[in-house]
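Chains, contacts and geometry: an overview
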Amino acid sequence: MTSLALALPIRRTYLRRTLAAAAVGAAVACASCAGRDATAMATYLMGGGAYVPSEGGRPAVLSLVSASLPTATLCYLLSGFVSSELARDSSAVLVRARSRAAWSTARLVQVALLCLAFRLLVSAADCLALLCLGRGGDPGGLARAALLSLAPECLATFSLVLAETLVALDADEVTASVSVLGVHFGTLFACSWAPVEVARAVVPWLPSTQGVLAWHDVAGLGLWGPTGVEGFGIAWSVCYLTALAAVLWCLVARATRRRDVL
Amino acid sequence: MGDDIVLSHATKVIKGRVVLDDVSLRVRRGGVYGFTGVNGSGKTMVFRAISGLIHLTSGEVEVFGRPVRPGDEYPCNLGLILESVGFWDEYTGYDNLRLLASIRGLVGEGEIRRAMERVGLDPSDDRPFETYSLGMRQRLAVAQAVMEAPDLLILDEPTNALDVGGVEMVRDAIVAERSRGATVLVACHNEPLLEALFDQRFRMCDGRIDGGGTDEE
């Protein structure tokens, strides 16, 4: 009986790519934190504060771009995971799997684990950079912020990779990255520059903003940073992103089943 | 379970190009069937269709009485070499086979070791796969195809990168599989050692079977 789990190792290439993306995150953290107020930078790094307008100012373009680099790097490097592995696995693994659904389940679980590993590494790098390079950092507060942002950010990253995977199965990795990340970051940048009233009205409903902690109503949690949209809770975003990831997962599984392995 | 592998009017069009053109064939269980033809004649595409890796534009594939539908579980125990086999670079040959064997759980360590010895590889060799020569990689590919005693063995250019000893190893493996009752489909060109084993030959040209019938030699 074929194992449903198909517990196969992740190829070293993708582990390296995940580490590389996390290194980009660490570099952004170090460059952002050096000599700056740790609390303010925590909002920027862990809360996605770079995307949220603060009182009297709009986010700088350079801040938006640098905040986007780690996630964009990971998404690009993982966008071809499923399509590449489908070709590589054709002779030996695919013909042994109980079905392509079983195969795609196993591979998408690996993608999820890589996204989680990336987020954990970047969170750890953010905390270390803030404590070691920033001024006045509070370890307890930083740890709490990192934990609270983990689920929505992880789900958001995973959803982005799934969306890119879906496009990459039909097109190629560059097209997938440009199209999906273009829409995603374009939405975030638009929300950060739109009139505040407009942004606050739409932010709870857009997929791209669900992973940005600074847009959420976290003031009552005693966290730093600007007050987000009132009533926009983390639980809502976790449910939203879980449903989105589930839909994308099914679409990727269907596309994998329909794809010719050439 | 039926005894035949049947392709019925199989056609495959990729980006406007006909790569399989109304191919129909029937092979009986338990023989060795050769597919010959120049590069691009459609041999590999026939194998992809039979092994369920592609969706035919039209036509059907049946293996031992059961339809082959890409995405579903394959109708029988299949051993396959189709272009390169995606082994894990950082694992040894033995560990690679152990990983593959764990998917279906049909064979244990003994069978894996014997499969490696049959193809001339040392199961205790602790070098990772990425250090293997092309010939060693091909031998490992043959080992993974035969280690689970498949009902159907599909070998696409199995002698690539192999020396004379390697070609003889492939020949001996095909003979052993046939004597065990497996059905073997082989694509090759210019390999007299293998072609002498064919019970039937299918010559392919431009995505069609060109003639066919029993090899009288």
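Residues numbered from 1 in each chain as written. Chains lettered and ligands numbered in written order. Predicted model: local features only at pLDDT ≥ 70, side-chain atom pairs only at ≥ 80, totals over all residues.

Structural notes on the interface of chain B and chain A
Taken together, the contacts link 23 residues of chain B with 22 residues of chain A. Of all elements in the fold, only strand E6 (78-81) and helix H2 (93-104) of chain B reach the threshold of two or more residues within the side of chain B that touches chain A. Here the side of chain B that touches chain A gets four residues from one element, more than from any other, and that element is H2 of chain B. For the side of chain B that touches chain A, the class distribution of residues is 12 nonpolar, six polar and five charged. (Contact = placed C-beta atoms within 7 Å. Helix = DSSP H or I, 4+ residues; strand = E, 2+ residues; numbered from the N terminus. Nonpolar A, V, L, I, M, F, W, Y, C, P; charged D, E, K, R; others polar.)

Things to note about the sheet that holds strand E4 (residues 58-63) of chain B
Residues and elements named next belong to chain B. Across the sheet, which stays open at both edges, the four strands sit in the order E2-E1-E4-E5 with antiparallel pairing between neighbours. With one partner strand each, in any of the chains shown, strand E2 (17-28) and strand E5 (66-67) form the two edges of the open sheet. Where strand E1 (residues 4-14) and E4 come together, five bridges link them in antiparallel fashion. Across the sheet, Ile 5 pairs through a bridge with Val 63, a residue of E4. (Pairing = 2+ DSSP bridges.)

Comments concerning the pairing of E6 of chain B
All names here are of chain B. Burial along E6 is two-sided: Leu 78 and Leu 80 and Gly 79 and Ile 81, pointing in opposite directions, are all buried. Summarising the sheet, E6 and strand E7 (residues 152-156) pair through four bridges and their orientation is parallel. Opposite Leu 80, over in E7, you have Ile 154 as the bridge partner. (Buried ≥ 20, exposed ≤ 12 C-beta atoms within 10 Å, placed from the backbone.)

Considerations on the sheet that holds strand E8 (residues 183-187) of chain B
Residues and elements named next belong to chain B. Read across the open sheet, the six strands follow the order E6-E7-E8-E3-E9-E10; overall the sheet is mixed. Every interior strand has two partners, whereas the edge strands, E6 and strand E10 (208-209), have only one. Where E7 meets E8, five bridges bridge the pair, whose relative direction is parallel. Across the sheet, residue Leu 155 finds its bridge partner in E8, namely Val 186.

Points about unusual backbone geometry
All names here are of chain B. We note that His 9 has phi near 50 degrees; this positive angle belongs to a residue other than glycine. By secondary structure assignment, the location of His 9 is in strand E1. On the neighbour-count criterion, His 9 (13 C-beta atoms within 10 Å) is partly exposed. Even without glycine at this site, Lys 15 takes up a positive phi of about 50 degrees. Mapping Lys 15 onto the fold places it in the loop between E1 and E2. Lys 15 sits in the exposed class, given 5 other C-beta atoms within 10 Å.

Observations concerning the nonpolar core
By size, the foremost hydrophobic cluster in this structure holds 142 residues, and its most contacted members are Ala 49, Ala 143 and Val 186 of chain B. Ignoring sequence-local partners within four residues, the contact set of Ala 143 of chain B consists of Leu 97, Ala 115, Met 116, Val 119 and Leu 121 of chain B. (Core = buried A, V, L, I, M, F, W, Y, C linked by C-beta atoms within 7 Å.)

Details of helix H1 (residues 43-50) of chain B
With eight of eight residues buried, H1 of chain B lies mostly within the body of the structure. Along H1 of chain B, the residues that are buried comprise Lys 43, Thr 44, Met 45, Val 46, Phe 47, Arg 48, Ala 49 and Ile 50 of chain B.

Some remarks on the confidence of the model for chain A
Low-confidence regions, as indicated by low pLDDT, have predicted coordinates that should not be scrutinised in detail. Residue and element names in this part refer to chain A. Averaged over every residue, the pLDDT of chain A is 89; the share at 70 or more is 93%. Within chain A, helix H10 (residues 234-258) carries the highest mean pLDDT (96), whereas helix H2 (residues 38-45) carries the lowest (78). The model gives residues 1-5 a pLDDT under 50, and that stretch makes 11 contacts with residues more than four places away or in other chains. (pLDDT = per-residue confidence, 0-100.)

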